[in-house]
Amino acid sequence: MAKKINVGTLISGGGTNLQAIIDACKSNLIDANILFTGSDNPGVKGLERAQKADIDTFVVDYAGIITSCKKGINDADLPSDFNLEEILSKQKLVENSASKEQLVFFLKTRAIAERKLLDIILAYDMDLLVLAGFMRVLTPYFIDRINTEPGIYKIMNIHPALLPSFPGTDGYGDTFRYGCKIGGCTVHYIDYGEDTGPIIGQKAFEIEDNDTLEDVKKKGLVKEWELFPQCIQKFADSQNKQSR
Ligand code: GRF
């Protein structure tokens, strides 16, 4: 029998993708086991779904952290291993045209939040981290502490568009407003850019002339629930092959 991989999950909202992964694990459709579900948002439905499935949950309240950082950030608030120059040189999330002050604030606040995530996550024996509707970008500070083996990606994300088209936070909205007749979703690994990492799998659907944005989102989600477990299984298969 194939060895099960240990998967951590991060969410921000309703968690229907999380539910699809929970169901796929429970019915042994995939060789995976969910260790935890973390959220940047307290009180979301996805946390309830995880608790119902007896999965450990936690919250790192990004909004609260950002609000308190707006009052000022002291060096003592930053993680002890935070290296601004290194992160500035690696990050591809924010254009160079953004003001340096804003960029530095962004990277510092995210590193403070990401350190809190890492303090919890790194206590688990995790093979793969899955972003199942986690609506925060991850900076090189976090990524480098999960992807510790050179060239090995361990963070997987689902994006609501056929990348490389329509990166960003509103993939279905952007697809619909552009007037596309085909929409889709993409599962990819996380790298230092926004929605730029290597693609693991994609699924497409047709957009009819009278479809509304809501129709597009519904069609897309159905595809996401199929695609995400399949891509996690691809990862599990590759791990099992390596350990043979
Ligand atoms: C999905 O459409 C996903 O692609 C996007 O956020 C949505 C999350 O939905 N990143 P859910 O929380 O899994 O229901």
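Just above sits the structure.
The structure contained in this document is the topic of the report that follows. (Residues numbered from 1 in each chain as written. Predicted model: local features only at pLDDT ≥ 70, side-chain atom pairs only at ≥ 80, totals over all residues. Heavy atoms only, no water.)

With respect to the overall build of the chain
Then, in step 1: Looking only at helices and strands, the chain has eight helices and seven strands in total.
Then, in step 2: For a compact globule of 244 residues, the expected C-alpha radius of gyration is about 18 Å, and the chain comes in at 18 Å, within 12% of that figure.
Then, in step 3: In terms of overall dimensions, the chain has C-alpha extents of about 50 × 45 × 35 Å along its principal axes.
Then, in step 4: Within the chain, buried positions represent 49% of all 244 residues.
Then, in step 5: Long-range contacts, defined as pairs at least 24 residues apart, comprise 70% of the intrachain contacts of the chain with a sequence gap of at least 6.
Then, in step 6: Carbon and sulfur atoms make up 50% of the accessible area of the chain, which amounts to about 12300 Å² in all.
Then, in step 7: Looking at the chain, you have 28 positive and 34 negative side-chain charges, and the mean spots of the two groups are 2 Å apart. (Helix = DSSP H or I, 4+ residues; strand = E, 2+ residues; numbered from the N terminus. Rg over C-alpha atoms; globule rule 2.2 N^0.38 Å. Buried < 20%, exposed > 50% of the residue type's maximum accessible area, 1.4 Å probe, protein only. Contact = heavy atoms within 4.5 Å. Areas by Shrake-Rupley, 256 points an atom, 1.4 Å probe, with all protein chains shown as cover. Lys, Arg positive; Asp, Glu negative; His and termini not counted. Charge placed at Lys NZ, Arg CZ, Asp CG, Glu CD.)

Overview of the site of the ligand
Then, in step 1: Every residue near the ligand is listed here: Gly14, Gly15, Thr16, Asn17, Gly133, Met135, Ile158, Pro160, Tyr172, Leu221 and Glu224.
Then, in step 2: If the ligand stood free it would expose 370 Å²; the protein chains cover 82% of that surface.
Then, in step 3: Among the secondary structure elements, those contributing two or more residues to the shell around the ligand are helix H1 (16–26) and helix H8 (213–242).
Then, in step 4: Looking at side-chain class alone, the shell around the ligand contains five nonpolar, five polar and one charged residues. (Near = heavy atom within 4 Å. Nonpolar A, V, L, I, M, F, W, Y, C, P; charged D, E, K, R; others polar.)

A closer look at the packing of helix H7 (residues 171–178) against H8
Then, in step 1: In contact at an axis separation of 10 Å, H7 and H8 are set at 130 degrees when each is read in the N-to-C sense. Between H7 and H8, the crossing angle belongs to the class labelled oblique. Of the two possible hands of crossing, H7 and H8 adopt the one that is right-handed. Together, Tyr172, Gly173, Phe176 and Arg177 of H7 and Leu213, Val216, Lys217, Gly220, Leu221 and Glu224 of H8 make up the contact between the two elements.
Then, in step 2: Split by residue class, the contact of H7 with H8 holds five nonpolar, two polar and three charged. (Axes fitted to C-alpha atoms, helices over the stretch in contact; angles between N-to-C directions. Parallel < 35°, antiparallel > 145°, perpendicular 65-115°, else oblique. Left-handed = near helix turned anticlockwise from the far one by under 90°.)

Some remarks on unusual backbone geometry
Then, in step 1: Between leucine 163 and proline 164 the backbone carries a cis peptide bond, its omega angle lying at 10 degrees.
Then, in step 2: Within the fold, proline 164 resides in the loop between strand S5 (155–159) and H7.
Then, in step 3: Notably, aspartate 54 is not glycine yet its phi reads approximately 60 degrees, a positive angle.
Then, in step 4: Along the polypeptide, aspartate 54 turns up in the loop between helix H2 (45–52) and strand S3 (56–59).
Then, in step 5: Within the chain, phenylalanine 166 stands out as a residue other than glycine whose phi angle is a positive 55 degrees.
Then, in step 6: Its place among the elements puts phenylalanine 166 in the loop between S5 and H7.

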